[in-house]
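For reference, the chains in residue letters:
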Amino acid sequence: MENPIASKKRTRQIQETWNASTKKSFGQNFIVEAGVVDKIAKAAVGDPDGVVIEIGPGIGALTQFLCEYAKRVIAFEIDPRFPPILEKEIASDHLEIIQKDFLEVDVNELLKPFAKNHTPVYFASNLPYYITTPILFKLFEANEPIAAITVMMQKEVADRFMAKVGSKEYNALSVITQYRCHLKRIMDVNRNVFWPSPNVGSTVLQFTFRTDQPKIDESRFVALVKACFVQRRKTLLNNLQSWLESKDKALALLEEAGIEPATRAQQLEVKDFLRLYESLTRLEPAWKDTADQNEPNESKQEGQV
Ligand code: SAM
């Protein structure tokens, strides 16, 4: 591509022409290296007839390449200064720009028409660091299909998503994400590739949804995993005892799942957490019945008063 936006020179030119300095409050760090955006766009777009949804196009460094590889790109930008710049500087009929905070977008409504006509949807973004997790969880929780999500994020956060069992980065976020998705590291990116350059390194990760997992009540699973990691140094017995408000229940649950009470959460693989969840769903109805039996009925209460 001739004279790409993703270069120091063109970025400076556009910012001067449009009097559009970067705003820290919106996490604006523009990519100024064409090779990097090319690689992200290539990895992100699985099918040129699919639709690409970009979150935070900025002045268009990545957008320009996405428009090369896909026939339809929808870009959501929170900063009202940028849509006119994108319209003028990219001027592609592949591009539709929506000025909106993506956190306020109803993702299911957005995806429905594409699901209806079986158009694959790809998300691509160089995300502002402070909204990486909320944006990703919003996408993970969508009910409609997403073909792939390719995002640039802080390297440290990417390492947590990818963390292997037993490592110090492995936490509830790793377990919940690895339960939902296959993850692929597309590349690590040096901080000099951005203008202005951030204090930390970045990584591009790609998430595709797993279809081989059992159907479960995800919110309950998430609550269980978070409870197991509440205090990393403590044993599962300790953490589950606090969550279930009973040592007996915690012991029964661990025994049902065949897990030693002295184990710590970071030693469990995703499949172990699933076994723990399944054991919980088997035991909970009996716990509920016992609780119901122990509850005083109305006449007794009246008698007591
Ligand atoms: N894509 C451009 C690039 O790679 O050079 C810009 C990336 S910059 C890290 C993040 C962009 O996201 C900025 O343009 C910022 O204004 C935008 N942004 C921040 N919060 C947003 C939100 N909640 N919804 C949509 N866009 C947002």
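Model, not experiment: these values are computed from the prediction.

### Comments concerning the packing of aromatic side chains
Part 1 of the argument: In the structure shown here, the tally under the stated rule is 11 aromatic pairs.
Part 2 of the argument: Summarising the aromatic geometry, the rings of phenylalanine 76 and phenylalanine 102 are spaced 5.3 Å apart at their centres and angled 70° between planes, so their arrangement reads as edge-to-face. Taken together, the positions of phenylalanine 76 in strand E3 (residues 72-77) and phenylalanine 102 in the loop between strand E4 (95-99) and helix H5 (107-116) put the pair 26 residues apart, joining distant regions of the chain.
Part 3 of the argument: What makes phenylalanine 76 buried here is its relative accessible area of 4%.
Part 4 of the argument: The buried category is assigned to phenylalanine 102, whose relative accessible area is 3%.
Part 5 of the argument: Relative to phenylalanine 123, the ring of phenylalanine 102 has its centre 6.1 Å away and its plane inclined at 70°; by these criteria the two rings are edge-to-face. Of this pair, phenylalanine 102 sits in the loop between E4 and H5 while phenylalanine 123 sits in strand E5 (residues 121-126); the two residues are 21 residues apart in sequence, bridging distant segments of the chain. In this pair, the class of phenylalanine 102 matches that of phenylalanine 123, namely buried.
Part 6 of the argument: An aromatic cluster is built from Phe137, Phe140, Phe161, Phe207 and Phe209, whose rings are joined through pairwise contacts.

### Focus: the sheet that holds E5
Part 1 of the argument: Ordered by their spatial adjacency, seven strands build an open sheet running E4-E3-E2-E5-E6-E9-E7, and the pairing between neighbours is mixed. In the strand order of this sheet, the two ends are held by E4 and strand E7 (181-189), each with one partner. Taking the axes of each pair of neighbouring strands and ignoring which way they run, one obtains an average angle of 20° across the sheet.
Part 2 of the argument: Of the pairings in the sheet, the one linking strand E2 (residues 51-55) to E3 comprises five bridges and is parallel in character. Looking across to E3, one finds that isoleucine 53 is bridged to isoleucine 74.
Part 3 of the argument: Strands E5, strand E6 (148-154), E7 and strand E9 (202-209) of the sheet are contacted by helix H2 (residues 34-44), whose axis makes an angle of about 165° with E7.

### What to know about the site of the ligand
Part 1 of the argument: In the vicinity of the ligand there are 23 residues, among which Gly56, Glu77, Asp101, Phe102 and Asn126 approach most closely.
Part 2 of the argument: The backbone of isoleucine 31 places a nitrogen or oxygen atom 2.9 Å from an oxygen atom of the ligand.
Part 3 of the argument: One of the backbone N or O atoms of glycine 58 is found 3.3 Å from an oxygen atom in the ligand.
Part 4 of the argument: Protein chains bury 99% of the 600 Å² of accessible surface belonging to the ligand in isolation.
Part 5 of the argument: Placement of the ligand is best described as lying within the second largest pocket.
Part 6 of the argument: Listed by contribution, the elements that provide at least two residues to the shell around the ligand are strand E1 (30-31) and E3.
Part 7 of the argument: Counted by class, the shell around the ligand contains 12 nonpolar, six polar and five charged residues.

### Concerning the packing of helix H8 (residues 172-180) against helix H9 (residues 218-229)
When two helices pack together, their arrangement is captured by the angle between the axes and the distance separating the axes.
Part 1 of the argument: The interhelical angle for the contact between H8 and H9, taken along N-to-C directions, is 150°, at an axis separation of 9 Å. Classified by the angle their axes make, H8 and H9 are roughly antiparallel. In this structure, the crossing between H8 and H9 has a hand that is right-handed. On H9, the residues that touch Ala172, Val175, Ile176, Tyr179 and Arg180 of H8 are Glu218, Phe221, Val222, Val225, Lys226 and Phe229.
Part 2 of the argument: Split by residue class, the contact of H8 with H9 holds eight nonpolar, no polar and three charged.

### Section: the environment of glutamate 278
Part 1 of the argument: Mapping glutamate 278 onto the fold places it in helix H12 (residues 270-294).
Part 2 of the argument: The exposure class assigned to glutamate 278 is partly exposed, which follows from its relative accessible area of 33%.

### Focus: the nonpolar core
Part 1 of the argument: Ranked by internal contacts, the top residues of the largest apolar core, which has 64 residues, are Phe102, Phe123, Phe207, Phe273 and Leu276.
Part 2 of the argument: At eight residues, the largest contribution of residues to this core is made by H12.
Part 3 of the argument: Looking at this core, you find at least three residues from each of domain 1 (8-209) and domain 2 (218-290).
Part 4 of the argument: Ranked by size, the runner-up nonpolar core spans 38 residues in total, among them Ile5, Ile31, Ile40 and Leu95.

### Description of the pairing of E3
Part 1 of the argument: Here E3 lies mainly inside the structure; five of its six residues are buried.
Part 2 of the argument: Between the parallel pair E2 and E3, the chain is carried across by helix H3 (residues 61-69), and the sense of this crossover is right-handed.
Part 3 of the argument: Inspection of the sheet shows E3 paired to E4 by five bridges, in the parallel sense. Bridge assignment links phenylalanine 76 to a residue of E4, and that residue is isoleucine 98.
Part 4 of the argument: Each parallel crossover has a hand, and for E3 linked through helix H4 (residues 82-89) to E4 it is right-handed.

### What about the domain arrangement of the protein chain?
A common measure of how large an interface is: the accessible area buried when the components associate.
Part 1 of the argument: By the assigned domains, the protein chain splits into domain 1 (8-209) and domain 2 (218-290).
Part 2 of the argument: Taking only C-alpha atoms into account, the centre of domain 1 sits 35 Å from that of domain 2.
Part 3 of the argument: In terms of surface lost to domain 2, no three residues of domain 1 exceed Tyr170, Val175 and Tyr179, which account for 45% of the buried area on that side.
Part 4 of the argument: On inspection of domain 1 and its partner domain 2, the count reaches one salt bridge.
Part 5 of the argument: In this structure, the salt-bridge partner of arginine 180 is glutamate 218, at a minimum N-O distance of 2.9 Å.
Part 6 of the argument: There are five residue pairs in polar contact (both at pLDDT 80 or more) connecting domain 1 and domain 2.
Part 7 of the argument: The residue makeup of the side of domain 1 that touches domain 2, split by class, is six nonpolar, four polar and two charged.

About the criteria used
- Residues numbered from 1 in each chain as written.
- Predicted model: local features only at pLDDT ≥ 70, side-chain atom pairs only at ≥ 80, totals over all residues.
- Heavy atoms only, no water.
- Phe/Tyr/Trp six-rings, centres within 6.5 Å; stacked < 30°, edge-to-face > 60°.
- Helix = DSSP H or I, 4+ residues; strand = E, 2+ residues; numbered from the N terminus.
- Buried < 20%, exposed > 50% of the residue type's maximum accessible area, 1.4 Å probe, protein only.
- Pairing = 2+ DSSP bridges.
- Axes fitted to C-alpha atoms, helices over the stretch in contact; angles between N-to-C directions.
- Contact = heavy atoms within 4.5 Å.
- Near = heavy atom within 4 Å.
- Polar contact = N/O pair within 3.5 Å; in protein donor to acceptor, adjacent residues only side chain to side chain.
- Areas by Shrake-Rupley, 256 points an atom, 1.4 Å probe, with all protein chains shown as cover.
- 1 Å grid on protein atoms, 1.4 Å probe; cavity = no way out; pocket = protein on both sides within 12 Å on 5 of 7 lines; lining within 4 Å.
- Sits in = over half its atoms within 2 Å of the grid points.
- Nonpolar A, V, L, I, M, F, W, Y, C, P; charged D, E, K, R; others polar.
- Parallel < 35°, antiparallel > 145°, perpendicular 65-115°, else oblique.
- Left-handed = near helix turned anticlockwise from the far one by under 90°.
- Core = buried A, V, L, I, M, F, W, Y, C linked by side-chain atoms within 4.5 Å.
- Domains from an automatic or database assignment.
- Right-handed = clockwise from strand over helix to strand, strands pointing away.
- Buried area = accessible area lost by both parts, 1.4 Å probe.
- Salt bridge = Lys/Arg side-chain N within 4 Å of Asp/Glu carboxyl O.

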